[in-house]
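Here is what each chain is made of, one letter per residue.
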Amino acid sequence: MQEKSKQLVANIADMKEEEAIELAFEMLEEGYDPIEILNHCKEAMEIVGQRFESNEYFLPELMLAGEMLSQIGDKAKPLITISNAEEAESHGTVLIATVHGDLHDIGKNIVTFMLEINGFKVVDLGIDVPIAKIVSSIEDHKPAVVGLSGFLTLAFDSMKETIAAIRATGQGKDVRIMIGGGQVDDTVKNYTGADAYGGNAMDAVNLCKDWLGVAA
Amino acid sequence: MNTDVEKSGSERYQEREQRILDTIELRETDRVPVSFFNTFWAAKYAGMSCEQAMYDYKGLSDAMRRAILELEPDDFVCSHFMLSLGPTMEMIGYKQLQWPGHDGLNPDVSFQYMDREYMAANEYDDFLLDPTGFYLHKYLPRLATAFEPLANLPEYSSVYYTRVVHSLAVYAKPEVREALETMIRAGEEMQQMLSEAFSFIEEMKEKGYPLAWVASGHAPFDVISDYLRGSKGGMLDMFRNKDKLLESLDKLAEFIPKNMISSAKKLPGKIVFIPLHWGLDGFMSPAQFELFFWPSFRKVLITLIDAGFYPCVLWEGDCTSRLEVIKDVPAGKCVYFFERTDVFKAKEVLGDTVCIRGSVPVSLMITGTPDDVRGYCRKLIDVVGKGGGFIMDSGVGIPDEAKPENVRAMFEFTREYSANK
């Protein structure tokens, strides 16, 4: 890898925002392939993900990494021409939603971001999502995994009802369901009938990788 | 043997208050105290919707009275201050909360905070130079429709001599006049609510039940991250605006206890409450905690302690990795209320320094059986209650959806089992 490419990966992974953005923009102006630049971002995010899992990085770093990626993406994406654009192969689709009655989305958004960066296609239905919408979206998008989020304790029942409704449909019978947020623990997993719960964004990524047979 | 029946309300009040105080000061007591802290549970138990609980002041008193008299806690949290805000919020067009029955939210769900950016990153300088001016002209107008015309008010930090007189003209502006009139009406509504709350507290005092805390506040970092910059802004500022963030935290560490102490003086009791949001494990690193969260928060705690108060700190989420750091407070002055922290480890590390409160898992209160609850309480009493310094509660108080039989099990079992040990 060229010196600048290595430097870009290091700047992003080490949370040097100004340097990362400046270098990425400079490289794009010099004619670097924008797809290459985006690949460097992904590479950097793998390092960020590892540091998150080893408790070196926490939410603030994920948040800043997201900011760096969106600034670089905004500049790089319009430069991608049809000829160099290859639709990246996704590992599979994850449908994600905050269950009905609950308006919280910080955790859900971070999980969405980390899944996308790890190669999953995410359909994010937003907050306070009615059961019927989740069920019909499963039919439309045929996800391999459904992620249900909730911060409040009222979400336990919303999750339980949503999962029962999903299981009652043909499409939803075999879909893997993971839950997360606030008070969710093993007891809640059992109560709601979810297949698994995750304590943080990387848990969600690892569950999906595991279920879909993606090498870690 | 129950001698309680012969005791007067004021004797029972003193006995309960002393039990809690002894527990906080780490003296062993006759039994483990158990506190009643809930949001909508009592209202739901009485058959009220969340919406009714936020609008019907007397109805909430009735629901709380029923729960307290049934559960006989050692103290209780007055729910009115947290819940009875519906009418006033509606009058001013308050925007930081969505609440049941309002703005399309189901009448049966809890109110929810709107995590947004209420102060831009480039406004730190305004805030630091003149916080009150910033609040009046920029911040308050963003929080409620009724406050929008306050942006017209004089810049009082630069008004002097005859300018004081000239500046009065703005009060005649129709929009300012209207804002002030709305605020007066909203203030009257709030006084009605407070008078119901105060008379309920007085009634409970006569019946023998002390207040669990008399004021509440927040950690400086949480004020920035929740109420000013929003969670995303708060986190990004650690990298992008580090010095201004640190300076603002120091400033807030001065203001926060001042406000808490002045409201605490209106009620009987010496315990004050501080729920924490962003300092927990997983949300920020130990190094970030020690730089951005703990120093300014510790300053708040020490100021409160020096003024004669006992802070009850609700460490939300899991804070197990912080135990050694947060031990640095004077012994016998604080309650650390844990939600998902390993309380057994907390007892080992903090047992000689703070009183521990909590932490029957919220999931158990909602989905478990009374036997599950009793089993968990037994373990808490045996281990965390050993030698005193422990107050029984669920992880963040009684969750709204807790089964009534589980709540009764927690109160009855704690009283009986810990008294007979």
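The rules we used
- Residues numbered from 1 in each chain as written.
- Chains lettered and ligands numbered in written order.
- Predicted model: local features only at pLDDT ≥ 70, side-chain atom pairs only at ≥ 80, totals over all residues.
- Heavy atoms only, no water.
- Salt bridge = Lys/Arg side-chain N within 4 Å of Asp/Glu carboxyl O.
- Helix = DSSP H or I, 4+ residues; strand = E, 2+ residues; numbered from the N terminus.
- Buried < 20%, exposed > 50% of the residue type's maximum accessible area, 1.4 Å probe, protein only.
- Contact = heavy atoms within 4.5 Å.
- Core = buried A, V, L, I, M, F, W, Y, C linked by side-chain atoms within 4.5 Å.
- Phe/Tyr/Trp six-rings, centres within 6.5 Å; stacked < 30°, edge-to-face > 60°.
- Lys NZ or Arg CZ within 6 Å of the ring centre and 35° of its normal.
- Polar contact = N/O pair within 3.5 Å; in protein donor to acceptor, adjacent residues only side chain to side chain.
- Patch = residues over 30% accessible without salt bridge, like charges linked within 9 Å, V, L, I, M, F, W, Y side chains within 5 Å.
- Areas by Shrake-Rupley, 256 points an atom, 1.4 Å probe, with all protein chains shown as cover.
- Lys, Arg positive; Asp, Glu negative; His and termini not counted.
- Charge placed at Lys NZ, Arg CZ, Asp CG, Glu CD.
- Buried area = accessible area lost by both parts, 1.4 Å probe.
- Pairing = 2+ DSSP bridges.

K.L.:
Looking at this structure, how should I read the pattern of salt bridges?
P.N.:
Side chains that differ in charge, positive against negative, can pair when their charged atoms come close. All names here are of chain B. Across all of its chains, the model carries 34 salt bridges over all chains by this definition. The partner of Asp30 in a salt bridge is Arg19, and the shortest N-O contact between them spans 2.8 Å. Of this pair, Asp30 sits in the loop between helix H1 (9-24) and strand E1 (35-36) while Arg19 sits in helix H1; the two residues are 11 residues apart in sequence, bridging distant segments of the chain. Here Asp250 makes a salt bridge to Lys299, at a shortest N to O gap of 3.2 Å. One end of the pair, Asp250, is in helix H13 (residues 242-264); the other, Lys299, is in helix H14 (residues 286-306), with 49 residues separating them in the sequence. Classification of Asp250 as partly exposed rests on a relative accessible area of 40%.

K.L.:
For this particular structure, what's the right way to read the side chain of Ser137 of chain A?
P.N.:
Residues and elements named next belong to chain A. Relative to the helices and strands, Ser137 resides in helix H6 (residues 131-141). Exposure remark for Ser137: the relative accessible area of 6% places this residue in the buried category. Apart from the residues lying within four places of it in its own chain, the contact partners of Ser137 are Leu95, Leu125 and Lys142.

K.L.:
Sorry, what's going on with the nonpolar core here?
P.N.:
Generally speaking, soluble globular proteins have nonpolar side chains that are buried together. One finds Phe36, Trp315 and Tyr336 of chain B to be the most contacted residues of the largest nonpolar core, which totals 163 residues. The contact partners of Phe36 of chain B, leaving out residues within four places of it in the chain, are Trp41, Ala42, Met64, Ala67, Ile68, Leu71, Pro73, Asp75, Phe76, Val77, Ile398 and Phe411 of chain B.

K.L.:
Whenever I open this one, the packing of aromatic side chains confuses me. Can you help?
P.N.:
By convention here, two paired aromatic rings are described through the distance between centres and the angle between planes. According to the stated counting rule, one finds 27 aromatic pairs over all chains in the structure shown. Between Phe37 of chain B and Phe273 of chain B, the aromatic rings sit 5.6 Å apart at their centres with planes inclined by 70 degrees, giving edge-to-face as the arrangement. One end of the pair, Phe37 of chain B, is in the loop between E1 and helix H2 (41-45); the other, Phe273 of chain B, is in strand E5 (residues 271-276), with 236 residues separating them in the sequence. Like Phe37 of chain B, the residue Phe273 of chain B is buried in the burial classification. The ring of Tyr191 of chain A has Lys160 of chain A sitting right over it, with the charged end atom 4.1 Å from the ring centre. We note Arg357 of chain B situated over the ring of Phe337 of chain B; from NZ or CZ to the ring centre the distance is 4.6 Å.

K.L.:
When you look at helix H16 (residues 343-350) of chain B in this model, what are you seeing that I'm missing?
P.N.:
Because each turn of an α-helix spans 3.6 residues, side chains separated by three or four positions in sequence point in the same direction. Residues and elements named next belong to chain B. Within H16, the full set of buried residues consists of Val343, Ala346, Lys347, Val349 and Leu350. On its buried face, H16 is in contact with helix H15 (323-326), strand E7 (335-338), strand E8 (355-360) and helix H18 (370-384). Measuring from the backbone nitrogen of Phe344 back to the side-chain oxygen at the start of H16 gives 3.1 Å, which picks out Asp342 as the cap.

K.L.:
I tried to follow a negative patch on the surface on my own but got confused; where do I start?
P.N.:
All names here are of chain A. Taken together, Asp33, Glu36, Glu43 and Glu46 make up a surface patch of like negative charges. By the element assignment, Glu36 lies in helix H3 (residues 34-53). Residue Glu36 is classed as partly exposed on the basis of its relative accessible area, which comes to 37%.

K.L.:
Explanation requested: the interface of chain A and chain B in the structure shown.
P.N.:
Many structure descriptions define interface size as the accessible area lost when the parts assemble. With 26 residues of chain A at the interface, the matching set in chain B holds 31 residues. Each partner contributes to the roughly 2,500 Å² buried at the junction of chain A and chain B, and carbon and sulfur atoms together form 64% of this total. By the criterion of area lost to chain B, the three top residues of chain A are Phe58, Pro60 and Leu103 of chain A, representing 22% of everything that side buries. Where chain A meets chain B, there are 3 salt bridges. Across the pair Lys232 of chain B and Glu67 of chain A runs a salt bridge, and its minimum N-O distance is 2.9 Å. The tally of links between chain A and chain B comes to 12 residue pairs in polar contact (both at pLDDT 80 or more). Going through the elements one at a time, helix H4 (59-76) and helix H8 (186-192) of chain A are the ones with two or more residues in the side of chain A that touches chain B. The biggest single contributor to the side of chain A that touches chain B is H4 of chain A, with 7 residues.

K.L.:
Would you mind showing me how to read the pairing of strand E6 (residues 310-315) of chain B here?
P.N.:
Put simply, side chains in a regular strand alternate between the two faces of the sheet. Residue and element names in this part refer to chain B. With 6 of 6 residues buried, E6 lies mostly within the body of the structure. Across 4 bridges, E6 lies against E7 in parallel orientation. Residue pairing across strands places Val313 opposite Tyr336, the latter belonging to E7.

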